[in-house]
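Each chain is listed here by its residues.
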Amino acid sequence: MIIVLKKDATQKDIDHIIAKVKEIGLEPHISVGVEKTIIGVVGDDDKMINVPVESFNGVEQVIRVTKPYKLASRDFHPHNTVIDIGTVKIGSEELAIMAGPCSVETKNQITYIAKEVKKYGANILRGGAFKPRTSPYSFQGLGKEGLELLKYAKEQTGLPIITEVLDPRDVELVESYADILQIGTRNAQNFPLLKEVGKARKPVLLKRGLAMKADEWVMSAEYIMSGGNYNVILCERGIRTFETATRNTLDLNIIPVMKEKTHLPIVIDPSHATGYSRYVPSMALAAIAAGADGLIIEVHNDPENAWSDGEQSITPEQFRDLMIKIKEVAKIVGKKLPEFSAV
Ligand code: PEP
Ligand code: MN
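My aim in this report is to walk through the structure given alongside it, one point at a time. These numbers were taken from a predicted model, which means no experiment stands behind them.

Topic: the sheet that holds strand β8 (residues 124-126)
- Around the barrel, which closes on itself, the 8 strands sit in the order β7-β8-β9-β10-β11-β12-β13-β14 with parallel pairing between neighbours. This sheet shows a mean twist of 25° between the axes of neighbouring strands, independent of strand direction.
- One ladder, built from 4 bridges, connects strand β11 (residues 204-207) with strand β12 (residues 232-236); its direction is parallel. If you follow V204 over to β12, its bridge partner there is V232.
- Its contacts with the sheet put helix α3 (residues 144-157) on β8 and β9 (161-164), and the angle it makes with β9 is roughly 165°.
- Sheet contacts for helix α6 (residues 214-226): β11, β12 and β13 (266-268); angle to β12, the most-contacted strand, approximately 155°.

What follows is the structure in structure tokens.
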């Protein structure tokens, strides 16, 4: 249920409504906007059936939400969510550019790449320490040692870190190093993991599942938010279709769709979406043109010898060339990049 307040509603009116909602055992969420203030009510709406909310002082309108999600819904929270992680406000006019290797490999590798991507405009460092590999025989990531190396690279560059958490038992550990927790595509409906990161205090980047419909994806965000963590960033990374010319099929339609359904920022991962480094720049540019709030891109100084996903990793030089173009596209859609000198 959404309670829209009159412009002249007083604090006393608001307090009264909130007290009533709580008394019934439901949870009120206030969203103060320039135009309107609304109170979203989470829980079983039926409990409100005998409460004449429409007649309470300060109430303009009561809307019963039929969508299965609430906290993530734009009806509930009309203005965009902006997540402040220090170097960048994700969802603001400044683009969030998360760049780095698929996997953290060595101290030199992660530090070198971190410095390079920072030089060319990245404001967040990506790198996997716990890797979700299709084969149990593939490199599974350095684990805690990888987190330590990310921390070192952060100290050297000032870039905040995004890294994946695979297991609910590791959330506390990963959270103690990461600035953003990444939930991978294979775990987009791992509900115990979603509940665990819902209790975390760090923002969560939620990748879209391999074959997830838009509403299912929003429901996964809702899982995290219902645990009290409202800082969710959506990430489209390509979905599985009949097409095999690329690793996945990048669904750029989903940007305006998700902007309509939710108030959450959305970033695009052109690396996993295409699977080939030569296709990454076009899709990155298209994503920004389509209104994405940022990118997460795999960058490696030696893609041929990368421990994972080398074929889709661009080099720091290719990253620089891409960022020069992104800077131009960003201007057209009212976004901007952090200042960097490309030459
Ligand atoms: C990754 O970011 O390296 C990764 C494994 O991504 P995804 O979950 O999209 O496959
Ligand atoms: Mn990868």
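Having seen the structure, we can now continue with the description.
Description of the packing of helix α5 (residues 191-198) against α6
- Direction vectors running N to C along α5 and α6 enclose 45°, while the axes themselves pass 6 Å from each other. Comparing their axes, α6 and α5 come out oblique. Crossing handedness for the pair α5 and α6: right-handed. Where α5 abuts α6, its residues F191, L194, K195, V197 and G198 lie against S220, Y223 and I224.

Considerations on the coordination of the manganese ion (ligand 2)
- For the manganese ion (ligand 2), the full set of protein donor atoms is C102 (SG), H272 (NE2), E298 (OE) and D309 (OD), and the range of their distances to it is 2.1 to 2.4 Å.
- Read in sequence order, the donor residues for the manganese ion (ligand 2) give the motif C-x169-H-x25-E-x10-D. Of the two residues, C102 sits in the loop between β7 (96-100) and α2 (107-119) while D309 sits in the loop between β14 (294-298) and α10 (316-332), which places them 207 residues apart along the sequence. Across this residue pair, the class does not change: C102 and D309 are buried.

A closer look at the nonpolar core
- Counting residues in each nonpolar core, the largest one holds 76 residues, and the members touching the most others are L181, L206, L295, F319 and I326.
- The next biggest cluster of nonpolar side chains, apart from the first, holds 17 residues, and it includes L5, I18, V41 and V62.

Some points on the sheet that holds strand β3 (residues 37-42)
- Here we have 4 strands laid out as an open sheet, ordered β2-β3-β1-β4, and antiparallel in their pairing. If you trace the sheet from one side to the other, it starts and ends with β2 (27-32) and β4 (59-63), each paired once. Neighbour-to-neighbour, the strand axes of the sheet open up by a mean angle of 20°, direction not taken into account.
- Pairing between strand β1 (residues 2-5) and β3: 3 bridges, direction antiparallel. Opposite V4, over in β3, you have I38 as the bridge partner.
- Running over the sheet, helix α1 (residues 11-23) touches β1, β2, β3 and β4 and is turned about 150° from β2.

What counts, and where the lines are drawn
Residues numbered from 1 in each chain as written. Chains lettered and ligands numbered in written order. Predicted model: local features only at pLDDT ≥ 70, side-chain atom pairs only at ≥ 80, totals over all residues. Heavy atoms only, no water. Pairing = 2+ DSSP bridges. Helix = DSSP H or I, 4+ residues; strand = E, 2+ residues; numbered from the N terminus. Axes fitted to C-alpha atoms, helices over the stretch in contact; angles between N-to-C directions. Contact = heavy atoms within 4.5 Å. Parallel < 35°, antiparallel > 145°, perpendicular 65-115°, else oblique. Left-handed = near helix turned anticlockwise from the far one by under 90°. Donors = N, O, S within 2.8 Å, 3.2 Å for Na, K, Ca; no water. Buried < 20%, exposed > 50% of the residue type's maximum accessible area, 1.4 Å probe, protein only. Core = buried A, V, L, I, M, F, W, Y, C linked by side-chain atoms within 4.5 Å.

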